[in-house]
Each structure stands twice: as structure tokens, then as C-alpha cells.
Amino acid sequence: MPPERIITLTTDFGLEDAYVAVMKAVILGIAPGTRLVDISHHVHAQDVNGASYLLYSACRYFPSNTIHLAVVDPGVGTARRAIAVVSAHGFFVGPDNGIFAPALAHQGGLDVSTGSVLHGRAVELANDKYRLGPVSRTFHGRDIFAPAAAHLAAGIALSELGPTVDQLEVGGYGLPVRTLDTVSGRIVHIDHFGNAISNIPAKLVADGSIFGISGRTIRGLAHSYQDAHMVAIVGSNDTVEIAVRDGSAADVLGLHVGDVLTVRSDR
Amino acid sequence: MPPERIITLTTDFGLEDAYVAVMKAVILGIAPGTRLVDISHHVHAQDVNGASYLLYSACRYFPSNTIHLAVVDPGVGTARRAIAVVSAHGFFVGPDNGIFAPALAHQGGLDVSTGSVLHGRAVELANDKYRLGPVSRTFHGRDIFAPAAAHLAAGIALSELGPTVDQLEVGGYGLPVRTLDTVSGRIVHIDHFGNAISNIPAKLVADGSIFGISGRTIRGLAHSYQDAHMVAIVGSNDTVEIAVRDGSAADVLGLHVGDVLTVRSDR
Amino acid sequence: MPPERIITLTTDFGLEDAYVAVMKAVILGIAPGTRLVDISHHVHAQDVNGASYLLYSACRYFPSNTIHLAVVDPGVGTARRAIAVVSAHGFFVGPDNGIFAPALAHQGGLDVSTGSVLHGRAVELANDKYRLGPVSRTFHGRDIFAPAAAHLAAGIALSELGPTVDQLEVGGYGLPVRTLDTVSGRIVHIDHFGNAISNIPAKLVADGSIFGISGRTIRGLAHSYQDAHMVAIVGSNDTVEIAVRDGSAADVLGLHVGDVLTVRSDR
């Protein structure tokens, strides 16, 4: 027997309501052998960028036939498309609002300046046969996305779900900017510990670099969170993060998502 | 191999403690192949009505042999009965305090004015053999309810668990009231997004109806959450809900569980 | 087919980030048939004692080949050891900071005054072969602990993971103190309901005992939470807890972890 197919779930539904359980019920009704793994249901309401960061950071650790179902969907009930995408690192099912852009771009599957699909394939979830009908105006997670993910897990081909699309929405995805001796990026996530995580990859940063954020300067990369009161350190996503020893960098330094982080070589 | 039997879990235990994990441990010790799906553990402490709403809205999406285990149990250690019920849409295991009444009534299995069991069968969990002994005074979720659910999942008959009961507690379950041109219901749940969900079914409401809540008036049903600042819309349970665009209706309009919602035809 | 091997997870990571999901992805990549059960991810940041209490109270209910993976790890990136321990009630994988001490001591596997391993076996997770390389400075849950737990679930021997260690850190673990007619213990956990749970076992306490906490006196053990406004009751771990009817004892009485609870015989 092959290992169970995995479907991950990422939403802004929270866990006080039954919405997540209803999606799981729909999936298990269609593909009973599926293994369900929650990424997070605590994305801030309608924060597509926040969800896209979680997917980007998590999807690479899952087996490559994993199906990543994500529903942060301010446009539910409007004309925004519902999509499924296959890429080097897995399948993605959700609204076409940029939620998968960082994950797909990291894998070379998406041109983030144009939205062109470069590798893999994207389809619009247009085939009524794979929906839970009648489709509601408010809960496409249950009626469109969960069924599509479950049918993929049950073995149907991506092309069965609907027509190919060549262009996806890219959302608020951003890359760091390099000049001669500076890299300039942004804080893309504040984690549970208050660490401020940037989009600047470790490979662009030398050990002795000088970091500037919110009017403060940090000299050199730290080797552990305990090295100094305020540290710049390579985090678990291989990007630079700013942390405070035994405290929350976000609270202590007043950092927010979107803040600029600059890195200069120490010459 | 048949698909794994599903047990869902609904409690007010929260996830900071180990209580939920202990119930899962007990279940997996008795019925190792069971699939566990959390509905919610964030029911407000001792809010039986809130839990009953979640079960009502979720249970219909699960396979009909699913076992719904629910422990919101202010009466633990008192004389309240422990019950298991089989109905058209599944099995229910928990305290006899009305927590299953809306789900059972929706399926025609319970007369909510008298508490009579109309279809299916209810038993009292009186058989010591299917308890984890000695039974504590404080944690029947672990000692009585989880073992009963697990033994059902493992294949014993409902009647093995104890004697049949004909009458169940109905709790605070309420139906909307109809007059000649008005339907009057109540807000039964505020969801994670702040949407105020009523017990008024869509089939009682015409598109051009006039909605009154908390001194405010809304004309006509909306088609998406984005249609207007304040909308009445058919939510994912096929009941009317009140929402605010990109915000929380509960916060913006000051709505609470129990508030009256009236619907008038527009003549 | 044998039942799936269980891995439990206990962390202070919260569920807003993808950290927990990444650990699960790593586990399922190595041991696809593993069953994952969350104990809690809402341990207060870096609260090793709090996590040790949850493990102590939950692990005895799981099958004895269960693997308990715990990552509350203020010392990540410093010289603290990474360990795996086998004991009468299961396997434990995590940092060597006392997080497993109460669970191991309860089973007679650890001498809490010296840290000596009395039964079972402990090893240091030193074998590179069972790590996810290269090991980061910040996320040993992903790079060291999850792979070790998964390889155990997949069937390797504990001794494969690294050299035996004879001495473990014991952390802040404490036992109640007995004098002629008094037992003196401490509050070790405030649960979700605000109940204040002590480390005084029921077997040291007679029904008619007099309880003293925070300047207040309670006479006699209660039989249910509803017995009186303020009760001392034997909780689900078989230790004494202080509760307030339909309220939070922690809030109403101002109780905290660490507060002294005394029990005197009523003579």
C-alpha cells in the first residue's frame, strides 16, 4: 500500500468555528485515505501575504506529491478565479490571489514580475463535476477548494479540474533589492516568539555585515539567539531575522511586517 | 480494508492543557485505527449552546457512520446522564445536556418541545465494562465519553453501552417564530470573522426581504460579502447571517448571541 | 498490519507559524505511516516546567511504544544536549533541560535529586546520519528532534542515535514535603478553566483534610466542582486542585504557578 497522500490546510478561519472541520469532512468523504496536516488556521483575517509566507516556508519540507490547500479569500463570491497548480514541490489549490506566488516563485515555477507560469501547470477550477453543489456564495473552501484537493488526492488528473491558465495573480510578493554594497529587503513575518523575519536570503549576507532596521544598527551575524540582547541571525528559512534575547523583537524594537531591513558589507 | 472510522471531538478544553490529547490517547488505545478530527476545542467554557451549534453545522458533512464526541459538561460529577445516540447522520457521545439537540432535531430524530427521541436510539452510558476505571469526579471526557466513542469505533453495538432512554434534555435550542409576514429568529453564533449567524433558514426568506437587527435595517439579501458595508446574506449553513465588509459585524454593530433578527417581506 | 506508531508533539511554537507543520512534514517524510497527536503547542514561551507538567500528565495514557517529541528549548544553539530516552511508559525525544524529568521520575526512571537514569536508557542525539543536514542554529525541532523521533518510529534502535548518557538535567521539578501532620506542595499548573493544580497526590490526603492556600482555608475534599463556591478536589491527574464553581480559581483567588498549598489532617 503506498503511503497516504497528504493534504495540508492553511486558512484564516481560526479554530473557534467548525469551518475547518467541515472542509476536512468534505475531503474525507471524497478521499478517505488522505492524511490531513494543518499548517495554520490563525492567519490574520484576509492576510493573503501572511498565508503566502507560511506556505512558502513550509511546503518544501513535504513530499512532492503533497497537496497544499489554502483558503484566505477576501474575494469569495466575486469574479476572482479558483485555481489548482502543480509545481516541482507539490500541488496547490485555492483562490487566484497571489497566495501561492512566493512558493511557486521559489521553485522557479512563476515569474513574479509578470505572473507567467514558467514550469508546471495551472488550471481554473471550472469543472462542476468536482464541486460540492450547489456552490454557496460564502464558503468556497467547502464547496470548491476542498473537493478539488480531495479529487486530486483520490487520483484524478489536474487537467480534469478545468482549463489551463497561463497567468496567475502575484499579489504583494516582493524580492530584496541589491545595490553595489547593500541589500535592502523587508520584514515579511513576525513569528510567535516576536522574531522579525525578512525576505533577505542568507547567501546574500556575509558574517560581518552591518544590519540596519528601524533606526538601529546590528554588527555581525549571531550564532545563537543568546549571543546578544539584539541579534541578526540566519533563521530557519535561510533568511535573516532580527531577534531579542528571551524577548519579542517586535515588541521591544517596535518592528512590523513591511519594515525595511538593510544589510551593508563591513569594509 | 474499509476506510478508518472517524471520531470528531468538540470540547471547551482549549489547547493549552493536555486534556484533549489524553482523550485521544484513550481512544487510540482502544481503537488504534480511528481517524480523529477536531471540530473545535475553543467553545467558550461551559457554553453548551455554542457547542451544539458547531455540531449542528458540521455533522451533516461527515460520513454517516462518524462518531461525534462532545464534552462541554458543566454538570460533570453531578447526576446528569452520560449518553450515546445513533441517528440518521451519525453517532453522538457526550453528556445529556442538550448539546446534541439541534443536530438531532435537524435530522428529525428529536422532538425539541418534549425531548422525545423520534428516530434512532439513545442509551445511557451505564455499562462499567466500557469505562476507564476508576471513574474520576472531574474528567468524564477521559473516563466515560472517550472510551464509549472508541468502543463504538471498534465495532461494539450501541445497546452494549447501556439501557435505552426515550427522553433527552433539549437545552437552550430555539426555532425561529413565523407570523403572517414576519420571521423572528435569533443570533446563535458569532464566527471568527465577526459574522452574526442566525437560526433563520434561507428557505423562509425572500430576496427582497427587509432585515431588522439591533435598531438597524438592511434591505434585500446580498450576493457577496463585498456587496455593501452591511449585508444580510445566506451563510454557509443555509441560514441568514449579518456581515460587515472587511470587518466584524459583531464589533461594528455591537451584535451578540441571543440578539433578535426579524425578516419582513417587502410588499 | 500493526497499528501505526504514535508520535506526540509538545512545543511552545504556537499555531500561527508553520513551525509545527514543518516538523510534521519532516516526520512524515521519514516515517510516512506515523500517527501524529498534538499534546499542546501553547506552552508559554520557554516554559520548560509547564511543558514538563503536560507531558507528565498525558504520557501515561498513551500506548507504551509511543514517542513523545517535545521542543521547549531556550538553549537552542548553545551547548545543551539533545537526547532520546526510553522508559517504562514510552520514548521521549527533545532537549536535555528537565522537560522529561517529571514523566520519567513518575515512572521510577529518574532520580530527581541527582539526575541519574535509574531504568531505561538515555542517549545523546549525536549521530549525524539521523539529522536533517545542515543543522540550523535556530530550529533543532526540525533538524534534530523530529528526525530522531521519526527514525525511532520507523524502527531504528535507540542506541543508533548516539552514545548512552547516565545523567540528565532535572530542571525545576519539585516533590511535596511531608511533616508529621502536614503536606506542603505547590501549584504546578493553571489549566484552561482557571483550576489551580498542585503536585500533592490524592493518596497523601484524607477526605476531611484542611487546605490552606494564599491565606484562605478550605475544609474537606469536594466530590464535584459544583459542591461549593471554592473547592479542593482530586483532579484528573490524581493530585489536589483548587477550583471555583463556574469561574476561574486563578482569577478569583489570585493564584499562580508556584504558590504553596498546605494540607493538614483534621484531628
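What counts and what doesn't
Residues numbered from 1 in each chain as written. Chains lettered and ligands numbered in written order. Predicted model: local features only at pLDDT ≥ 70, side-chain atom pairs only at ≥ 80, totals over all residues. Heavy atoms only, no water. Least-squares fit on C-alpha atoms with pLDDT ≥ 70 in both. Contact = heavy atoms within 4.5 Å. Buried area = accessible area lost by both parts, 1.4 Å probe. Polar contact = N/O pair within 3.5 Å; in protein donor to acceptor, adjacent residues only side chain to side chain. Helix = DSSP H or I, 4+ residues; strand = E, 2+ residues; numbered from the N terminus. Pairing = 2+ DSSP bridges. Axes fitted to C-alpha atoms, helices over the stretch in contact; angles between N-to-C directions. Core = buried A, V, L, I, M, F, W, Y, C linked by side-chain atoms within 4.5 Å. Buried < 20%, exposed > 50% of the residue type's maximum accessible area, 1.4 Å probe, protein only. Expected span 1.5 Å × (residues − 1). Salt bridge = Lys/Arg side-chain N within 4 Å of Asp/Glu carboxyl O. Parallel < 35°, antiparallel > 145°, perpendicular 65-115°, else oblique. Left-handed = near helix turned anticlockwise from the far one by under 90°. Nonpolar A, V, L, I, M, F, W, Y, C, P; charged D, E, K, R; others polar.

1. Considerations on the relation of the copies chain C and chain A
Consideration 1: Once turned by 120 degrees and shifted 0.0 Å along the axis, chain C lies on chain A with an RMSD of 0.0 Å. Put plainly, the chains are arranged around a three-fold axis. The position closest to the rotation axis in chain C is occupied by the C-alpha of Arg 35 of chain C, lying 5.5 Å away.
Consideration 2: Comparing interface residues between copies, only 12% of those in chain C also sit at the interface in chain A, which points to a heterologous contact through distinct surfaces.

2. Considering the interface of chain B and chain C
Consideration 1: In this assembly, 32 residues from chain B lie in contact with 32 residues from chain C.
Consideration 2: Summed over both partners, the interface of chain B with chain C comes to about 2,500 Å²; 59% of that surface belongs to carbon and sulfur atoms.
Consideration 3: At the boundary of chain B with chain C, the tally comes to 14 residue pairs in polar contact (both at pLDDT 80 or more).
Consideration 4: Broken down by secondary-structure element, the contributors of at least two residues to the side of chain B that touches chain C are helix H1 (19-30) and strand S2 (35-40) of chain B.
Consideration 5: It is H1 of chain B that contributes the most residues to the side of chain B that touches chain C, 7 residues altogether.

3. Brief notes about the sheet that holds strand S6 (residues 121-124) of chain C
Consideration 1: Reading across the sheet, the 7 strands line up as S2-S1-S3-S5-S4-S6-S7 (chain C) and stay open at both edges, with mixed pairing between neighbours. Lying at the two open borders of the sheet, with one neighbouring strand each, are strand S2 (35-40) and strand S7 (164-165) of chain C.
Consideration 2: For strand S3 (residues 67-71) of chain C and strand S5 (residues 90-95) of chain C, the ladder comprises 3 bridges, and the chain directions are parallel. Note on S5 of chain C: the bridge partner recorded for His 68 of chain C is Phe 92 of chain C.
Consideration 3: The sheet contacts of H1 of chain B involve strand S1 (6-11) and S2 of chain C, and relative to S2 of chain C the element is tilted by about 150 degrees.
Consideration 4: Contacts between helix H4 (residues 140-153) of chain C and the sheet are confined to S1, S3, strand S4 (82-87) and S5 of chain C, with S3 of chain C contributing the most and set at about 175 degrees to the helix.

4. Here's the deal with the nonpolar core
Consideration 1: The biggest cluster of nonpolar side chains holds 196 residues, and the ones touching the most others in it are Leu 69 and Val 93 of chain A, Leu 69 and Val 93 of chain B together with Leu 69 and Val 93 of chain C.
Consideration 2: With sequence-adjacent residues up to four places away left out, Leu 69 of chain A is seen in contact with Ile 7, Thr 8, Leu 9, Thr 10, Met 23, Ile 27, Val 93, Phe 145, Ala 146 and Ala 149 of chain A.
Consideration 3: Within the second largest apolar cluster, 21 residues are counted, among which are Ile 218, Met 230, Ala 232 and Ile 242 of chain C.

5. Looking at helix H2 (residues 48-59) of chain A
Residue and element names in this part refer to chain A.
Consideration 1: The terminal C-alpha atoms of H2 lie 16 Å apart, and with 12 residues this matches the ideal 16 Å at 1.5 Å per residue to within 8%.
Consideration 2: Buried residues dominate H2, accounting for 11 of its 12 residues.
Consideration 3: The complete set of buried residues in H2 reads Val 48, Gly 50, Ala 51, Ser 52, Tyr 53, Leu 54, Leu 55, Tyr 56, Ser 57, Ala 58 and Cys 59.

6. Considerations on the pattern of salt bridges
All names here are of chain B.
Consideration 1: Following the criterion strictly, the structure yields 18 salt bridges over all chains and no others.
Consideration 2: A salt bridge links Glu 4 to Arg 35, with the shortest nitrogen-to-oxygen separation between them at 2.9 Å. Taken as a pair, Glu 4 in the segment before strand S1 (6-11) and Arg 35 in strand S2 lie far apart in primary sequence, 31 residues in all.
Consideration 3: With relative accessibility at 25%, the residue Glu 4 sits in the partly exposed group.
Consideration 4: What makes Arg 35 buried here is its relative accessible area of 10%.

7. With respect to the packing of helix H1 (residues 19-30) of chain A against helix H4 (residues 140-153) of chain A
All names here are of chain A.
Consideration 1: Two elements in contact, H1 and H4, have axes whose closest approach is 9 Å; the angle formed by their N-to-C orientations is 40 degrees. In this view, H1 runs oblique relative to H4, as classed from their interaxial angle. H4 is crossed by H1, and the crossing has right-handed handedness. Counting all contacts with H1, which are made through Val 22, Met 23, Val 26, Ile 27 and Ile 30, the residues of H4 involved are Gly 141, Arg 142, Ala 146, Pro 147, Ala 150 and His 151.
Consideration 2: Within the contact of H1 with H4, the residues separate by chemical class into 8 nonpolar, 2 polar and 1 charged.

8. Here we look at the interface of chain C and chain A
Consideration 1: Taken residue by residue, the interface counts 32 residues in chain C and 32 residues in chain A.
Consideration 2: Roughly 2,500 Å² is buried in total at the junction of chain C and chain A, and carbon and sulfur atoms are behind 58% of that figure.
Consideration 3: Linking chain C with chain A are 1 salt bridge, by the criterion used here.
Consideration 4: Counting every contact that joins chain C to chain A gives 14 residue pairs in polar contact (both at pLDDT 80 or more).
Consideration 5: Where the side of chain C that touches chain A is concerned, the elements lending two or more residues are helix H1 (19-30) and S2 of chain C.
Consideration 6: The dominant element in the side of chain C that touches chain A, judged by the number of residues it contributes, is H1 of chain C, at 7 residues.
Consideration 7: Here the residues of the side of chain C that touches chain A are counted per class, giving 17 nonpolar, 7 polar and 8 charged.

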